Amino acid sequence: MELVVGVDVGNSTTEACLARVGDGAVTLLATALTRTTGVKGTPKNADGAVTAVRAALERAGVTPDALHRVLLNEATPVISGLAMETITETIITESTMIGHNPATPGGTGIGVGVTVAIGDVGDIADGPEGPVVVVVPPGWDFDDVAATLNAAVDTGVDLTAAILAGDDAVLVTNRLTRKVPVVDEVAAVEKVPLGMLSAVEVAPPGRTIRTLSNSYGLATVFGLDPQQTRQVAPVARALTGNRSAVVVRTPTGDVTDRRIPVGELTLRGEARTVRVDVDAGAEAIMDALARAQPLVDATGEPGTHVGGMLAQVRDTMTDITGQPASEIAIRDVLAVDTMVPAEVRGGLAGEVALENAVALAAMVRTDRSRMQAVADRVADELGTSAAVGGIEGAMAALGALTTPGVERPVAVLDLGGGSTDAALLDRDGACVAMHVAGAGELVTKLIDAELALDNRETAEHVKRHPLAKVESFYHLRHEDGTVQFVQEPLPPQVFARVVTLGADGPAPVPTRLNLDAIRRVRRKAKRRVFVVNALRALRQVAPRGDLRALDFVVLLGGSALDFEVPDMLADALAPFGVVCGTGNVHGTEGPRNAVASGLVMAYSEAAP
Amino acid sequence: MSSPTGPTSTAERTLRLRDIGPARRGTRPDEVVIALSPAFAGIFSKTIVEVPHAEVLRQLLAGIEEQGVTARVIQVHDTADLAAISHLGARLSGSGISVGVLSRGTTMIHQRDLARLSNLELFPQSPLLDAPVFRQIGSNAARYAKGESPEPVPTRNDQMARPRWQAKAALLHLKEFETIEAGRGPVEVELDFELSSAG
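Residues numbered from 1 in each chain as written. Chains lettered and ligands numbered in written order. Predicted model: local features only at pLDDT ≥ 70, side-chain atom pairs only at ≥ 80, totals over all residues.

A. Focus on the overall build of chain B. The helix and strand inventory of chain B stands at 4 helices and 7 strands. At 16 Å, chain B has a C-alpha radius of gyration in line with the 16 Å of a compact globule built from 199 residues. Referenced to the eigenvectors of the C-alpha coordinate spread, the extents of chain B come out at roughly 45 × 40 × 35 Å. The burial tally for chain B puts 47% of its 199 residues in the buried class. (Helix = DSSP H or I, 4+ residues; strand = E, 2+ residues; numbered from the N terminus. Rg over C-alpha atoms; globule rule 2.2 N^0.38 Å. Buried ≥ 20, exposed ≤ 12 C-beta atoms within 10 Å, placed from the backbone.)

Encoded structure:
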């Protein structure tokens, strides 16, 4: 009988599995889990490994000198990097359009007239020149605005609408004798061209504008010919879904939706090389990748955004592995289309448009894993022998076999932080392993960008935990609509907010979006990364690339603990007749400890 | 565009509070209660940095009105403690939301289910509160009443505010403290804004 411990150094956690091995039987004694020290595959890992081994020994009540051997995994030879680039932008020229959505516009309806500064309204009273739209700069008090406008109307000015700098629309409309639509919070109101024909539209609460968001509505309002109507179509489209809007007719004013040239991605495969424009979107990139498979390297056109994106990935790899950038070959990419809110160029009120962006995850193979150095240091510290052995994928599959209800052939899907790894262990014990780029980190990045959080920590919370809306200090509504009452009042900083329900209690999500919108973004990000990658990776290990040939798929890794990813994957794999679920190593450990356990099992099988 | 030429009406208004009877608990879910300290618009007429009380109330009311919410103003006579004033206001408010204001300007947004010494938003440095901040406070209070999730009003912080204003704040507090009438319940008030000819 021998006492051995398997140690798995992962990207974020180090796991240990202590067992007694002999006569082909393995008796589990204890497991332990600690944070990985240093970057995976570097000598610093030894500290974390020793801590994990000591913890397992202590739990089992065994002294270190009884230990026969420490088994370390051969770290997966892949590292991944991420980059994201916006590929469209919206530009407003000559301040022709105000399409922001102030929370509280005033009045309802549409007003068309010539723009006039409020300071000049008194002067036009003598000779009314038709309908006017009054423009009010910052610094004007709402009582004064209302008084000035009422006085002007009394002297015969045909007031049809107003555009305000401050947040005063409701206040002003409440005080007007003639109710007109008022749009407010236009920060750069001084840029509104004066003396031009313009239209202001405000829809009733809960509705959206109907005239200015319709190309023919704009043509009617401004008397446009078919050629001009074609030109204003982008304006109408940009205003769709708004509750209020202003359109000013200037000689050459325009709203354009421009594609930013981001450069060409060159995918060098074993058989052929394929080039693809990144601004063609994720689908085109993934199509090109499929044609280039198996990938040898990917490069971006120098001097373009995509060149920069890949250079960034290579730089990170160089930092981690110490390999020169020229030796680093990108072996897989995952492109994901996303929508990122960005401020509109030329906008007058900080308008935000959803722009298209492409996120790229790239994976690099490294041959300089320094696990042997880690093993030597661990052996030193514990006064025992240590060995590196076993391909991580095969070990994970062996460990996964201890899950109740699983038999060979079994496929494991390790949902990690940087890469998604699949391995298939067949009846004869042969194993194929595959790694594809993109996993948990990419999901976090997509959530961060799409919600414009600009905070990785918060995005991580949104990814990991279900949402709820705090409706009072004593109750909250979960994302499925159920209400939960609490005995102790909730903390004031979460009052009336959308929160994530983590282990540390509710934490507010700082965004104007409502719960449903946040939930949609979260689920979409997970589906586009995990479901796409799971199918991609499993196809590569499945016999003849046929998912129907798989019987059991066991989910492992940190993201297998996610509250919805396993369900999404099970749903996606169900049509192929595959049994898919989260692993439960030894029937007790959940999706954790598979590799560490696999190391012990492999040792036991190899031992005489 | 020409620079603002409108009259700066802010300096010209004075405010008188008229008692119209004991303050009752509101039933409308769309109201915010503004609770004033004993000496507000009484022996004092402006805050520690000389923002007129008329302007403080006008901006708070404007912030609430812009959100389409109604406001009710009460004055508390038996305490000059901001937490106590605000919490009392919150308990009388139909929506459960109140804004409490001291004569020197210190302000708090409170909610009736909270512990008295807690709050939704507190603006402790009275010397840093000006008209635009009072507008935002009114606006946020109204949005809480509507069940929305407003971003908290950015609180400014000035290291020098304490040494510079502490003595004056203490004097103002003592003065306000002297106007406390123990045992007198909160009263509902009507506001009379008057345009003074002084300019």
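B. Expanded view of the overall build of chain A. Counting its secondary structure elements, chain A contains 14 helices and 30 strands. Seen along its three principal axes, the alpha-carbon backbone of chain A occupies a region of about 110 × 65 × 45 Å. Looking at chain A residue by residue over its 608 residues, the buried ones come to 49%.

C. Quick look at the sheet that holds strand 28 (residues 505-508) of chain A. Residue and element names in this part refer to chain A. Spatially, 5 strands are ordered 26-25-24-27-28 in an open sheet, and the strand pairing comes out antiparallel. The open sheet terminates on both sides in strands that have one partner only, identified here as strand 26 (483-485) and strand 28. Pairs of neighbouring strands in the sheet enclose a mean axial angle of 40°, with direction left out of account. Bridge analysis of strand 24 (residues 467-472) against strand 25 (residues 475-478) gives 4 bridges, and the strand direction is antiparallel. Counted as the bridge partner of lysine 469 is arginine 477 from strand 25. (Pairing = 2+ DSSP bridges. Axes fitted to C-alpha atoms, helices over the stretch in contact; angles between N-to-C directions.)

D. Up close: the environment of Val388(A). All names here are of chain A. Position of valine 388 among the secondary structure elements: in strand 20 (residues 385-391). What makes valine 388 partly exposed here is the crowd of 19 C-beta atoms within 10 Å. Put simply, valine 388 and aspartate 376 are 12 residues apart on the chain and 9.6 Å apart in space, counted from C-alpha to C-alpha. Look past the residues within four positions of valine 388 in its chain and what remains in contact with it is Leu72, Glu74, Met371, Gln372 and Ala375. (Contact = placed C-beta atoms within 7 Å.)

E. Structural detail: helix 4 (residues 215-222) of chain A. Residue and element names in this part refer to chain A. When helix 4 is considered as a whole, its buried residues turn out to be Gly217, Leu218 and Val221. Taken end-on, helix 4 shows its buried residues confined to a sector of 100°, consistent with a single buried face. Packing partners of the buried residues in helix 4 comprise strand 8 (109-117), strand 12 (197-202), helix 5 (226-239) and strand 13 (244-248). After helix 4 finishes, the residue glycine 223 shows a positive phi value of roughly 60°. (Arc of directions from axis to C-beta.)

F. Spatial organisation of the interface of chain A and chain B. Contact with chain A, which involves 26 residues of that partner, is made by 23 residues of chain B. At the level of elements, helix 2 (142-154) and helix 3 (169-175) of chain A are the ones that each hand at least two residues to the side of chain A that touches chain B. Classifying every residue of the side of chain A that touches chain B by side-chain character gives 14 nonpolar, 5 polar and 7 charged. (Nonpolar A, V, L, I, M, F, W, Y, C, P; charged D, E, K, R; others polar.)

G. Representation of helix 13 (residues 565-573) of chain A within the structure. Residue and element names in this part refer to chain A. Taken residue by residue, helix 13 has Val565, Pro566, Leu569 and Leu573 as its buried positions. Projected down its long axis, helix 13 shows its buried positions confined to an angular sector of 100°, all on one face. Looking at the buried positions of helix 13, the neighbouring elements they touch are strand 21 (410-415), helix 12 (515-541), strand 29 (552-556) and strand 30 (579-582).

H. Representation of the sheet that holds strand 7 (residues 187-195) of chain B within the structure. Residue and element names in this part refer to chain B. The strand order across the open sheet built from 7 strands is 1-7-3-2-4-5-6, with neighbouring strands paired in mixed fashion. The open sheet is flanked by strand 1 (13-22) and strand 6 (121-123), the only strands paired with a single partner. Recorded for the sheet is a direction-independent mean angle of 30° between the axes of neighbouring strands. Sheet topology note: the strand 2 (residues 31-36)/strand 3 (residues 70-75) ladder contains 6 bridges and is parallel. Note on strand 3: the bridge partner recorded for alanine 35 is isoleucine 74. Strands strand 1, strand 2, strand 3, strand 4 (97-101) and strand 7 of the sheet are contacted by helix 1 (residues 53-66), whose axis makes an angle of about 70° with strand 1.

I. Region of the structure containing the pairing of strand 27 (residues 498-502) of chain A. Residues and elements named next belong to chain A. Bridge count for strand 24 against strand 27 is 3 bridges, and the pairing is antiparallel. Note on strand 27: the bridge partner recorded for alanine 468 is valine 499. As paired elements, strand 27 and strand 28 share 4 bridges and run antiparallel to each other. Within strand 28, the position partnered with threonine 500 by the bridge is alanine 507. Between strand 27 and strand 28, which follow one another and run antiparallel, lie 2 residues.

J. Highlighting the nonpolar core. Core analysis: the biggest nonpolar cluster contains 235 residues, and Ile163(A), Ala411(A) and Ala423(A) have the highest contact counts within it. Look past the residues within four positions of Ala423(A) in its chain and what remains in contact with it is Gly393(A), Ala394(A), Ala396(A), Ala397(A), Ala411(A), Val412(A), Cys431(A), Val432(A), Ala433(A) and Val541(A). (Core = buried A, V, L, I, M, F, W, Y, C linked by C-beta atoms within 7 Å.)

K. Quick look at unusual backbone geometry. Residue and element names in this part refer to chain A. Residue glutamine 293 is joined to proline 294 through a cis peptide bond whose omega torsion reads -10°. Considering the arrangement of structural elements, one finds proline 294 in the loop between helix 6 (282-292) and strand 17 (295-300). Cis geometry marks the peptide bond from arginine 408 to proline 409, where omega comes out at -5°. Even without being a glycine, aspartate 454 presents a positive backbone phi close to 60°. Here aspartate 454 is to be found in the loop between helix 10 (440-450) and helix 11 (456-464). Overall, the presence of 10 C-beta atoms within 10 Å leaves aspartate 454 in the exposed class.

L. Structural detail: the packing of helix 10 of chain A against helix 12 of chain A. Residue and element names in this part refer to chain A. With their axes 9 Å apart at the nearest point, helix 10 and helix 12 run at an angle of 145° to one another. Seen along the crossing, helix 10 lies across helix 12 with a hand that is right-handed. Facing helix 10, whose interface residues are Leu442, Val443, Leu446, Ile447 and Glu450, helix 12 presents Val521, Arg522, Ala525, Lys526 and Val529. Of the residues belonging to the contact of helix 10 with helix 12, the class tally is 7 nonpolar, no polar and 3 charged. (Left-handed = near helix turned anticlockwise from the far one by under 90°.)

M. Quick peek at the packing of helix 10 of chain A against helix 11 of chain A. All names here are of chain A. Interhelical geometry of helix 10 versus helix 11 gives an angle of 110° and a closest axis separation of 8 Å. Taken together, the axes of helix 10 and helix 11 lie roughly perpendicular to each other. Seen from helix 10, the contacting residues are Val443, Thr444, Ile447 and Asp448; seen from helix 11, they are Arg456, Ala459, Glu460, Val462 and Lys463. Along the lines of polarity and charge, the residues of the contact of helix 10 with helix 11 split into 4 nonpolar, 1 polar and 4 charged. (Parallel < 35°, antiparallel > 145°, perpendicular 65-115°, else oblique.)

N. Local environment of the confidence of the model for chain B. All names here are of chain B. Per-residue confidence for chain B averages 89 on the pLDDT scale, and 92% of its residues sit at or above 70. Every residue in residues 1-11 is under pLDDT 50, and counting partners more than four places away or in other chains gives 20 contacts. Of the two predicted TM-score estimates for the complex, the pTM is 0.83 and the ipTM is 0.87. (pLDDT = per-residue confidence, 0-100.)

O. How the structure looks around the environment of Thr208(A). Residues and elements named next belong to chain A. Tracing the backbone shows threonine 208 in the loop between strand 12 and helix 4. Overall, the presence of 16 C-beta atoms within 10 Å leaves threonine 208 in the partly exposed class. Note: C-alpha distance between threonine 208 and glycine 241 (33 residues apart in sequence) is 5.5 Å. Setting aside residues no more than four positions away along its own chain, threonine 208 makes contact with Ala203, Gly241, Asn242 and Arg243.

P. How the structure looks around the confidence of the model for chain A. Mean pLDDT over chain A stands at 88; residues scoring 70 or higher make up 97%. Looking over chain A, one finds the lowest element-wise mean pLDDT in strand 14 (residues 254-259) of chain A, namely 75, and the highest in strand 11 (residues 182-183) of chain A, namely 96.

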